[in-house]
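Notes for the structure review
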Amino acid sequence: MANIHVDKDAFLRRIKSLYSAWNKASESDPLGKMDALVVANGQDEEVVYSKTTSIQTWLFGYELADTLMVLGDKTLYMLASKKKIEFLRQVDPGKENDSGVPGIKLLVRDKADKDKANFGKIIEGIKKSRKGKTLGEFAKDKFPGDFMDAWRSALKGTGFEKIDVSSSMAEVMAPKEDLELKTIQKACYATCDVFNKYLKEQIMEIIDADKKVKHSKLADGVEQALKNKKFLPAGIDASQLDMCYPAIIQSGGKYSLKFSTVSSDENLDFGTIIISMGLRYKSYCSNIVRTLMVDPTDKMKEYYEFLLEVEEEIQKKLQHGTKLSAVFDAAAGMVKSKSGSLLDRMTKNVGFGMGIEFREGSMLITNKSNITAKKGMVFNINVGFSELDNKDGKGSAGKKYALFIGDTVLVNEGAAASVLTNSKKRWKHVGIFLKDEDEEEEDEEEEEKKEQPPEFLGRGRRNAVLENRTRPDATAEERRLKHQKELADRLNEEARERLRGKQTGTDGKKMRKSNISYKTLSHLPSESEVKELKLFVDKKYETIILPIFGLPTPFHISSVKNISQSVEGDYTYLRINFFHPGSALGRNEGNLFPQPDATFLKEITYRSSNTKEPGEISAPSSNLNTAHRLIKEVQKKFKTREMEEKEKEGIVKQDALIVNPNRGNPKLKDLYIRPNIVSKRISGTLEAHTNGFRFTSVRGDKVDVLYNNIKNAFFMPCDGEMIILLHFHLRHAILFGKKKHMDVQFYTEVGEITTDLGKHQHMHDRDDLRAEQAEREMRQKLKSAFKNFCEKVEALTKTQVEFDTPFRELGFHGAPFRSTVLLQPTSGCLVNLTEWPPFVISLDGVELVHFERVSFSLKNFDMVFVFKDYTKKVAMVNSIPVQVLDNVKEWLNSCDLRYTDGVQSLNWTKIMKTITDDPEGFFDNGGWSFLAPESDAEEDDDDDEEDEAFDPSSDLSGSDEESSGDSEESDWEDEEEDSDGEEELDSSEESGKDWDELEDEARKADMERDVYGDAPEQQQQRSKSKHKSSHKPPQKSPHKSSHKSSSSSHKSSHKSPHKSGHSRDRDRDRGSPKKRKHSGGDHGRDKKRRK
């Protein structure tokens, strides 16, 4: 048992709660009467549930056969074999005795004298505990075996009184910790999945095919289904999954609403079918009860829906502080108000406590139970009616039926109990309706008649089809919005309660460290440079001494901002700039100084001659040169040390790694570590020890990662990736490579990341085929090695470290940093691990998610994670394709996370500062409701305003009214508008023509001259009239004038349809000289009218 790990923290926590309950117990409580507690386990594999094995599992995580544990008031004795004692040494608290944990004495079994000496020591310890007269025991636990017989015979002559403390211990273990609740939740997930994906589908297939299958055979199939991963949820270790009891399937008029019933060998009857099943995961139980009904009557429906109401009433009543008898009375009162005869047929209890034991007999929900429900307790509530009559039933088996329903629930404080087995149980999900072939044909004919609409309702039929198609989508969207509304209502209240009492202010603001050069005057160096009023650098105290007004004045190196030296002519200048308020343009810069109102030196400049006088060893400027060099050195050394200290800030001191010398430790070789220990990556070995991992590089570097410091552990297989990796997201940063890190990753490459394009590639090249096959085999081998390592570590740590694998099929692309990567959800996180730096968001710490830039006109949107710790900077993922928006919303909704969306990008720094400055004011003003989308009414008003700005229909109708005159005048008006439009276009584009356009215009002018045969004077006259008309204010429709007021490019694009139409008319009319003459303006039109 050397490789088996005990959760020491959980043991200490739970043993403290046990002793605390013992010390606080009243004299009427059996726990208060006992002087010592005996927990003795023997050899009996047939016993599934017992208080002895339950308390061992609760404390140590394992059942320990042939082990004796005696709890005294000051000492805890454990007697077991040598291997078990080595295992139990891990829980020895050492110096922690003062904190409510007794001293532990470990005794190794001695088979030579059949443990007589050990039993004598334990009995002496019992006599010294309190009064030493009364032994607490579990009366029902009578284990066989030589060890237990020897212990019982040792107790015979002692005269100890015995008292049963089973019920008292059940109350101590009933409130579950978070780790226990997560395990129970997984057990419930597995129970629901096996029921829905396997058992219910099997029953439906049997009914559809009209098969004859025995109840017992169906129940046996459930146990076999546990070995098939397709029936289990993701993240469940099938090896630790087991049945709480053999599945119970009942039908055919014979029903027993008890969990001790066994499925009979009779065939399944297609009437009322009652199914009870429960699964254990890591020793923690769950249970579910459902009733399926084939062709039920209206009366059966009425009774079933009433039964659901009774169960909901039990959930509402089962809260923290409520007695279990009051819960039963509420359910019984509700049934009695419905029917007195129905009360007689109701189950005698409506639930029981559960956990490591499936059914806690002392915690039944009956009218006699005085136990009070507490937050964190888990119950299986089950209520049913038996011996109900069905007059319309077929045969004797259908005349009698029963209804039974049950769920695993969690007790809350101030709210109804939460259902953990979320399997559908409404009427529409349990009612099965069969039809004969004749009835099916009639229904099909009726549907065909309904589908043939009258001829004059063709458009209406189309609408009906669309309505039917969109109904399921609308229902899913409505369900999602309803859930989001519930989350929104709950979000503000929970956030307000969490932030209440937290202090906000300037306590957390960083201030510049005040460094003192010399505490007393005696520390001032007595060097000749100081006395001669020269610049002197004291390396020991990291201080520069400057002569100011004839006095040597010390300045610590931290006060120096920068230093510069220059030579101008015969002089050398040394300029020193100091830090002072206003020297840096940053946020809250003025608060960095401890005394911002003090007098600060901004800068100082020294000048010295470069000329060497006779008799001098060196020029006076040599002092400035030396000072400049030394200041630079000291400043560099100080900044390096300061950066190292900054890196060490926030580093929590870790426990020492306990190295396990056993060679059988889980181990992976030839791995690389990220981030790198040095600049170049180095391979090494990752090995799991007693309380943590150790990575040892080939050059001897060591990096330790302790189990209790791992917040999230991930295993990323090499499916679709070029690397396979293990990633640890830590609770507290660790220091290696002179930097602190919150994420540590170990990986290896599974293929060539780079490909040589120079070598010849052939489809059927044997070398290439062999290389591909070798790569596939290597991938499979690596995946198997990593998976085995993960399973061994989980077994070693007793799931303290549990590896999570990302769901690649749910992934979507986004840019959390600079590059776009594939983000993949896990059971509780959103991660990208293949690129560095990694992106890990734990959903437990997320308050809400906001989508920015959500618009139909944009292809991408952004995703912002707001954390429950409002002082923490928000995390953002940019450039997510808008096609995955619905999938992301559905995933967040399934994780019970509130999300909102908006069109704009928000300034989250200011938003979070506003919240942290005044949390109460923020939530009084509606809290996070400001992120909700705007009302539809405002959007409709905006749309109306936009429609009023431009209405093509009104312009068209107006132009039709204006053109309602005689047809000849209308033709001339159109032609004039054509001419004006062409002239206007020419004038607007005249300034921006290039050579090609000018050549095209010249070519067109030559063609016109050839066609019309104009003389140069006529061409000049036409160009003049054209020039006049272009400057003439045009009389056009409102539509055209609105376009003219815009920019030239916008105007040209809007006029292009009209222009093309007019140009076609102009091309048709060029053959007629008569129509050509009107192009000059009104003169041409008057001439035609006179004719």
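Our subject is the structure listed above.
Since we're looking at a predicted model, the values are computed, not measured.

Right, let's get into the overall build of the protein chain. Secondary structure summary: the protein chain contains 30 helices and 40 strands in total. Within the protein chain, the fraction of its 1091 residues that count as buried is 41%. Across the protein chain, contacts joining residues at least 24 apart in sequence account for 65% of those joining residues at least 6 apart. Summed over its atoms, the accessible surface of the protein chain is roughly 62900 Å², and 49% of this surface lies on carbon and sulfur atoms.

Within a sheet, each strand pairs with its neighbour through backbone hydrogen bonds, oriented either parallel or antiparallel. Strand order in the open sheet formed by eight strands is E28-E27-E26-E25-E31-E30-E29-E32, with mixed pairing between adjacent strands. Both outer strands of the open sheet, strand E28 (702–706) and strand E32 (803–804), are each paired with one neighbouring strand and no more. With six bridges connecting them, strand E29 (residues 710–716) and strand E30 (residues 723–736) associate as antiparallel partners. Residue pairing for E30: Ala713 is matched across the bridge by Phe728.

Further remarks concern a positive patch on the surface. A surface patch of positive charge is lined by Lys182, Lys711, Arg731 and Lys872. Mapped onto the elements, Lys711 comes out in strand E29.

With that out of the way, let us pick up the pattern of salt bridges. Applying the stated criterion across every chain yields a total of 41 salt bridges. Note that Arg641 is salt-bridged to Glu542, the shortest N-O span being 2.6 Å. Here Arg641 is found in helix H17 (residues 622–648), whereas its partner Glu542 is found in the loop between strand E19 (536–538) and strand E20 (543–548), with 99 residues between them in sequence.

The next subject is unusual backbone geometry. Backbone torsion omega between Arg674 and Pro675 reads 0°, so that peptide bond is classified as cis. In this structure, Pro675 sits in the loop between strand E25 (667–674) and strand E26 (683–688). Here Lys282, not a glycine, exhibits a phi torsion of approximately 55°, which is positive. Within the secondary structure layout, Lys282 lies in the loop between strand E10 (279–281) and strand E11 (284–285).

This brings us to the nonpolar core. One finds Phe60, Leu199 and Leu318 to be the most contacted residues of the largest nonpolar core, which totals 129 residues. Residue contributions to this core peak at 13 residues, all from helix H8 (residues 178–209). Sequence-distant contacts of Phe60, that is, excluding residues within four places in its chain, are made with Val6, Phe11, Met69, Met78, Phe87, Leu88 and Val91. Counting 32 residues, the second-largest nonpolar core is a separate cluster that includes Ile710, Cys718, Phe789 and Leu796.

Attention now moves to helix H20 (residues 908–917). Where H20 is concerned, the buried positions are Trp908, Ile911, Met912 and Ile915. Burial along H20 is one-sided: seen end-on, the buried residues are contained in an arc of 90°. Turned more than 90 degrees off the buried face of H20, the exposed positions are Thr909, Lys910 and Lys913. The inward-facing, buried residues of H20 contact strand E37 (846–852), strand E38 (860–867), strand E39 (875–881) and helix H21 (919–924).

What the rule picks out here adds up to 32 aromatic pairs. When the ring of Phe259 is compared with that of Phe404, the centres are 6.0 Å apart and the planes differ by 40°; the resulting orientation is tilted. Here Phe259, found in the loop between strand E8 (248–250) and strand E9 (272–277), pairs with Phe404, found in strand E16 (residues 400–410); they are 145 residues apart in sequence, far enough to count as distant. Judged by its relative accessible area of 2%, Phe404 falls in the buried class. Ring plane angle 40° and centroid distance 4.9 Å describe the contact between Phe555 and Phe578, whose orientation is recorded as tilted. Remark: Phe578 occurs in strand E23 (residues 571–578) and Phe555 occurs in strand E21 (residues 551–556); sequence separation between them is 23 residues. Accessibility classification places Phe555 together with Phe578 in one group, the buried group. Sitting above the plane of the Phe306 ring, Lys338 keeps its charged end 5.4 Å from the centroid. Over the ring of Tyr747 we find Arg674, and its NZ or CZ is 4.7 Å from the ring centre.

What follows deals with the side chain of Thr347. Topologically, Thr347 is positioned in the loop between helix H12 (340–344) and strand E13 (351–353). Here the side chain of Thr347 touches Asn349 through a polar contact of 3.0 Å, landing on its backbone oxygen. Those residues in contact with Thr347, other than ones at most four positions away along the chain, are Leu257, Phe328, Asn382, Val383, Gly384 and Phe404.

Here Ile682 lies in the loop between E25 and E26. On the accessibility criterion, Ile682 (15% relative accessible area) is buried. Measuring from C-alpha to C-alpha, the distance between Ile682 and Arg699 comes to 8.1 Å, with 17 residues separating the pair along the chain.

Rules and cut-offs
Residues numbered from 1 in each chain as written. Predicted model: local features only at pLDDT ≥ 70, side-chain atom pairs only at ≥ 80, totals over all residues. Heavy atoms only, no water. Helix = DSSP H or I, 4+ residues; strand = E, 2+ residues; numbered from the N terminus. Buried < 20%, exposed > 50% of the residue type's maximum accessible area, 1.4 Å probe, protein only. Contact = heavy atoms within 4.5 Å. Areas by Shrake-Rupley, 256 points an atom, 1.4 Å probe, with all protein chains shown as cover. Pairing = 2+ DSSP bridges. Patch = residues over 30% accessible without salt bridge, like charges linked within 9 Å, V, L, I, M, F, W, Y side chains within 5 Å. Salt bridge = Lys/Arg side-chain N within 4 Å of Asp/Glu carboxyl O. Lys, Arg positive; Asp, Glu negative; His and termini not counted. Charge placed at Lys NZ, Arg CZ, Asp CG, Glu CD. Core = buried A, V, L, I, M, F, W, Y, C linked by side-chain atoms within 4.5 Å. Arc of directions from axis to C-beta. Phe/Tyr/Trp six-rings, centres within 6.5 Å; stacked < 30°, edge-to-face > 60°. Lys NZ or Arg CZ within 6 Å of the ring centre and 35° of its normal. Polar contact = N/O pair within 3.5 Å; in protein donor to acceptor, adjacent residues only side chain to side chain.

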